[in-house]
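# Topology and contacts: notes
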Amino acid sequence: MVIEFHLDGRSGVAPYMQLIHQVRQALRLGLLREGDQLPTVKDVASGLAINPNTVLKAYRELEYEGLVAARPGIGTFVTGTLGGASLAAHGPLRRDLQEWLTKARRAGLDDESIEALFLSTFRSATEEDIA
């Protein structure tokens, strides 16, 4: 599986961190597995119109975390996984979330409103778990 990166200039998150988050998310969802090759630094940089050093910084951080390894002249490959079960294995939860998203859209919420509602609910639930 080849990951296709994208950047959100409005997010306030540094581009290299967005790339890191996308790789981690792909690992959690089972879209990337050990042995898969990440796109080349050159391809990512040209596709997103960003400095190659930004991509290198993201790939180095992922390598430091033990999730990827660079093979000089060959590319960067996934070498690790994130702990726990893959989110892809949680079919019933995914279906429940899809139903919730459908209800939210029927209620007239746009994507940004849905994301804001989810994040605020997630944060308050997390704070309740801590308390």
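Here is a short report on the structure shown in this document. The numbers attached to residues start from 1 for each chain and follow its sequence in the written order. Only residues with pLDDT of at least 70 are given local features in this predicted model, and only at 80 or more are side-chain atom pairs given and counted; all residues enter the totals for whole chains, interfaces and linings. Heavy atoms throughout the structure, all of them, feed into the side-chain values; hydrogens and water do not.

### Observations concerning the pairing of strand β2 (residues 75-78)
Each residue is placed in one exposure class: buried if its accessible area under a 1.4 Å probe, protein chains only, is under 20% of its type's maximum, exposed if it is over 50%, and partly exposed if it falls in between. Under the scheme used here, helices are H or I runs from DSSP no shorter than 4 residues and strands are E runs no shorter than 2 residues, and both carry numbers assigned from the N terminus. Side chains Gly75 and Phe77 project from β2 onto one buried face, and the interleaved Thr76 and Val78 project onto a second face that is buried too. A strand pair is defined by DSSP finding two or more bridges across the two strands. Pairing of strand β1 (residues 68-71) with β2, which is carried by 4 bridges, proceeds in the antiparallel orientation. Bridged to Ala70 within β2 is Thr76. A loop of 3 residues connects β1 with β2, the two strands running antiparallel in sequence, and Gly73 in this loop sits at a positive phi of about 80 degrees.

### Describing helix α4 (residues 91-106)
A helix is expected to span 1.5 Å multiplied by its residue count minus one. Relative to the 22 Å expected for 16 residues at 1.5 Å per residue, α4 spans 23 Å between its end C-alpha atoms, a close match to the ideal helical length. Looking one or two residues past α4, Gly108 carries a phi angle of roughly 95 degrees, positive in sign.

### Section: the packing of aromatic side chains
What counts as a ring pair is set by centres within 6.5 Å for rings of Phe, Tyr and Trp (its six-membered ring), and what kind of pair is set by the plane angle: stacked under 30 degrees, edge-to-face over 60, tilted for all other angles. According to the stated counting rule, one finds 0 aromatic pairs in the structure shown. We count a charge as sitting over a ring when the NZ of a lysine or the CZ of an arginine lies within 6 Å of the ring centre and within 35 degrees of the ring normal. When the ring centre of Tyr16 is taken as origin, the NZ or CZ atom of Lys57, which lies over that ring, is 4.1 Å away. We note Arg71 situated over the ring of Phe77; from NZ or CZ to the ring centre the distance is 4.3 Å.

### A word on the nonpolar core
Grouping buried Ala, Val, Leu, Ile, Met, Phe, Trp, Tyr and Cys residues that are joined through side-chain atoms within 4.5 Å yields what is termed a nonpolar core. The biggest cluster of nonpolar side chains holds 19 residues, and the ones touching the most others in it are Val23, Leu32 and Leu38. At 5 residues, helix α1 (residues 15-28) tops the list of elements feeding residues into this core. Note on contacts: a residue pair qualifies if any of its non-hydrogen atoms lie within 4.5 Å across the two residues. Setting aside its immediate chain neighbours within four residues, Val23 contacts Ile3, Phe5, Leu32, Leu38 and Leu62.

### Some remarks on the pattern of salt bridges
Salt bridges are defined as contacts in which a side-chain nitrogen from Lys or Arg sits within 4 Å of a carboxyl oxygen from Asp or Glu. Overall, the coordinates contain 4 salt bridges when judged by the stated rule. In this structure, the salt-bridge partner of Glu65 is Arg24, at a minimum N-O distance of 2.3 Å. In this pair, Glu65 sits in the loop between α3 (52-64) and β1 while Arg24 sits in helix α1, placing the two residues 41 residues apart along the sequence.

### Some details on the side chain of Thr76
Positionally, Thr76 belongs in strand β2. Residue classification places Thr76 among the buried positions, given a relative accessible area of 11%. With residues up to four places along the chain from it excluded, the contact list for Thr76 reads Asp36, Gln37, Leu38, Tyr59, Val68, Ala69 and Ala70.

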